[in-house]
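Letter by letter, the chains look like this.
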Amino acid sequence: MATNEPQMTWERMCAAINEEFLREGEPNIDHLRECMQAYTSNISDWGKYNMFDPQRIRYTRNLVDEGNGKYNLIVLCWPEAQGSPIHNHAGSHCLMKILRGPIKETMFYWPNKSEERDGYPEQPMREMSCRTYQTDEVAYINDTHGLHRVENPSHTDGSVSLHLYIPPITLCKAFDDNTARTCTCEMTFNSRGGQ
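Attention in this report is confined to the structure presented alongside it. (Residues numbered from 1 in each chain as written. Predicted model: local features only at pLDDT ≥ 70, side-chain atom pairs only at ≥ 80, totals over all residues. Heavy atoms only, no water.)

Of the regular secondary structure elements, the chain holds 3 helices and 12 strands. Radius of gyration (C-alpha) of the chain: 17 Å, near the 16 Å computed for a compact globule of 195 residues. Considered along the principal axes of its C-alpha atoms, the chain spans approximately 55 × 45 × 30 Å. Scored against the burial criterion, the 195 residues of the chain give a buried share of 48%. Looking at the chain alone, contacts between residues at least 24 apart form 73% of all its contacts between residues at least 6 apart. Put simply, the chain shows about 10,000 Å² of open surface, and 46% of that area lies on carbon and sulfur atoms. The average position of the 19 basic charges and that of the 27 acidic charges among the side chains of the chain differ by 3 Å. (Helix = DSSP H or I, 4+ residues; strand = E, 2+ residues; numbered from the N terminus. Rg over C-alpha atoms; globule rule 2.2 N^0.38 Å. Buried < 20%, exposed > 50% of the residue type's maximum accessible area, 1.4 Å probe, protein only. Contact = heavy atoms within 4.5 Å. Areas by Shrake-Rupley, 256 points an atom, 1.4 Å probe, with all protein chains shown as cover. Lys, Arg positive; Asp, Glu negative; His and termini not counted. Charge placed at Lys NZ, Arg CZ, Asp CG, Glu CD.)

Below, the structure written as structure tokens:
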């Protein structure tokens, strides 16, 4: 972002994301990533979405904006040492901005398809790469990149991330680490609009 441009606030970032979907054609993923990258995380901006599971045993999904059905903007709160299963993105793009880190992302190869069981033979999932992101970093994934697991590697502090899903994900597949067996998961929200 050029020095003569105003600072990217939470409100400007959210508005810029929304504006990207008002124009004709496909959204510009690189522009959306730049908008998210330009914002410097400040809990006073997103604190009303900072809703952890009271028992701190699972992560929460807190809806910021439904994006008129074209995208979802969601704050995820990750308790200490908690994470997602290995999962796909059901054909959606996913941009992830770390609001309070760290967040560890482990990428996995798609298992080989077969006619056995639910379409995949029993086999351990194969890790592709692993990276830990810090506050204000942005990551991107879609199903052509592989599968991933997202988790908070800290045993002492909660982590928070902002996810932009294009289009919104209503269902995804979760993969068992040891067998690659899948189950379909419905994407739900723990809160909407900070409530």
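In this section: helix 2 (residues 29–38). Of the residues making up helix 2, those classed as buried are Ile29, Leu32, Cys35 and Met36. One side of helix 2 carries all its buried residues, which in axial view fall inside an arc of 120°. Exposed and oriented more than 90 degrees from the buried face of helix 2 are Asp30 and Glu34. Looking at the buried residues of helix 2, the elements they touch are helix 1 (10–20), strand 4 (93–100), strand 7 (138–141) and strand 9 (159–166). (Arc of directions from axis to C-beta.)

Turning to its location among the elements, Asn88 is positioned in the loop between strand 3 (86–87) and strand 4. On the accessibility criterion, Asn88 (8% relative accessible area) is buried. Here Lys173 takes part through its backbone nitrogen, which lies 2.8 Å from a polar atom of the side chain of Asn88. When sequence neighbours within four positions are dropped, the list of residues in contact with Asn88 reads Trp110, Asp143, Leu147, Cys172, Lys173 and Phe175. (Polar contact = N/O pair within 3.5 Å; in protein donor to acceptor, adjacent residues only side chain to side chain.)

The next subject is the packing of aromatic side chains. Across all of its chains, the model carries 5 aromatic pairs by this definition. These aromatic residues form a ring-pair network of at least three members: Trp10, Tyr39 and Tyr49. Over the ring of Phe52 we find Arg56, and its NZ or CZ is 4.4 Å from the ring centre. Note that Arg126 overlies the ring of Tyr109, its terminal NZ or CZ placed 4.6 Å from the centroid. (Phe/Tyr/Trp six-rings, centres within 6.5 Å; stacked < 30°, edge-to-face > 60°. Lys NZ or Arg CZ within 6 Å of the ring centre and 35° of its normal.)

In this section: the pairing of strand 8 (residues 147–151). Among the 5 residues in strand 8, 4 count as buried, and that is most of the element. Note: strand 5 (residues 103–108) against strand 8, 5 bridges, orientation antiparallel. Bridging across to strand 8, Glu105 finds its partner in Val150. (Pairing = 2+ DSSP bridges.)

Of the voids in this model, the largest pocket is the one considered here, and its volume is about 320 Å³. Its residues assigned to classes, the lining of the largest pocket shows 10 nonpolar, 9 polar and 3 charged. (1 Å grid on protein atoms, 1.4 Å probe; cavity = no way out; pocket = protein on both sides within 12 Å on 5 of 7 lines; lining within 4 Å. Points joined across faces, edges and corners; volume = space filled by probe spheres on them. Nonpolar A, V, L, I, M, F, W, Y, C, P; charged D, E, K, R; others polar.)

Quick look at helix 1 now. By the burial criterion, the buried members of helix 1 are Trp10, Met13, Cys14, Ala16, Ile17 and Glu20. One face of helix 1 carries all of its buried residues, which in axial projection span an arc of 160°. Exposed and facing more than 90 degrees away from the buried side of helix 1 are Glu11 and Glu19.

Below, the discussion takes up the sheet that holds strand 9. Here 6 strands make up an open sheet; going across it, the order is 7-4-9-2-1-12 and the pairing mixed. With one partner strand each, in any of the chains shown, strand 7 and strand 12 (191–192) form the two edges of the open sheet. Contacts from helix 2 reach strand 4, strand 7 and strand 9 within the one sheet, and its direction differs from that of strand 4 by about 5°. (Axes fitted to C-alpha atoms, helices over the stretch in contact; angles between N-to-C directions.)

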